[in-house]
Amino acid sequence: DYERDYFDQDEDMIMHEVWVFLQVLYGRNPQWARLPLYLAGESYAGHYLPVLAAHVLDQNAAIRNGSLPGTVLNLAGVALGDAWVMPVLQFAGDI
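Residues numbered from 1 in each chain as written. Predicted model: local features only at pLDDT ≥ 70, side-chain atom pairs only at ≥ 80, totals over all residues. Heavy atoms only, no water.

Caption draft 1: A look at unusual backbone geometry. A positive phi angle, close to 55 degrees, is found at serine 43, a residue other than glycine. The topology assignment puts serine 43 in the loop between strand 1 (37-42) and helix 2 (45-64). For serine 43, a relative accessible area of 36% puts it in the partly exposed group. (Helix = DSSP H or I, 4+ residues; strand = E, 2+ residues; numbered from the N terminus. Buried < 20%, exposed > 50% of the residue type's maximum accessible area, 1.4 Å probe, protein only.)

Put into structure tokens, the structure is as follows:
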């Protein structure tokens, strides 16, 4: 249940929400656990997909060491196209 004024306030909250979604998705489809997971996106995804990939790796490590229940996600790669990884540096010449 989300309250009417509920919203994610930072990247950590957003990554947690995406992680929970992926755990539910893989929990309902356990045959996918052995398949490679690729994260792909463009533009602003250059900001959040690397953070999500790091979060997945951290959560996988916690599952493997027994400190977190869940399904290890077989993260195989991240693909970014025309990504805004650090716009201040990428477009410094445009200013």
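This is not the end of the story, as more comes after the structure.
Caption draft 2: View of the pairing of strand 1. For strand 1 and strand 2 (residues 75-81), the ladder comprises six bridges, and the chain directions are parallel. Within strand 2, the position partnered with alanine 40 by the bridge is alanine 79. (Pairing = 2+ DSSP bridges.)

Caption draft 3: Expanded view of a nonpolar patch on the surface. A surface patch of nonpolar side chains, amounting to about 560 Å² of accessible area, comprises Val78, Leu80, Val85, Met86, Val88 and Leu89. Counting residues per element, the ones that place at least two in the nonpolar patch are strand 2 and helix 3 (87-90). Looking at the element boundaries, methionine 86 is found in the loop between strand 2 and helix 3. Taking the relative accessible area as the measure of exposure, methionine 86 reaches 46% and is therefore partly exposed. (Patch = residues over 30% accessible without salt bridge, like charges linked within 9 Å, V, L, I, M, F, W, Y side chains within 5 Å. Areas by Shrake-Rupley, 256 points an atom, 1.4 Å probe, with all protein chains shown as cover. Salt bridge = Lys/Arg side-chain N within 4 Å of Asp/Glu carboxyl O.)

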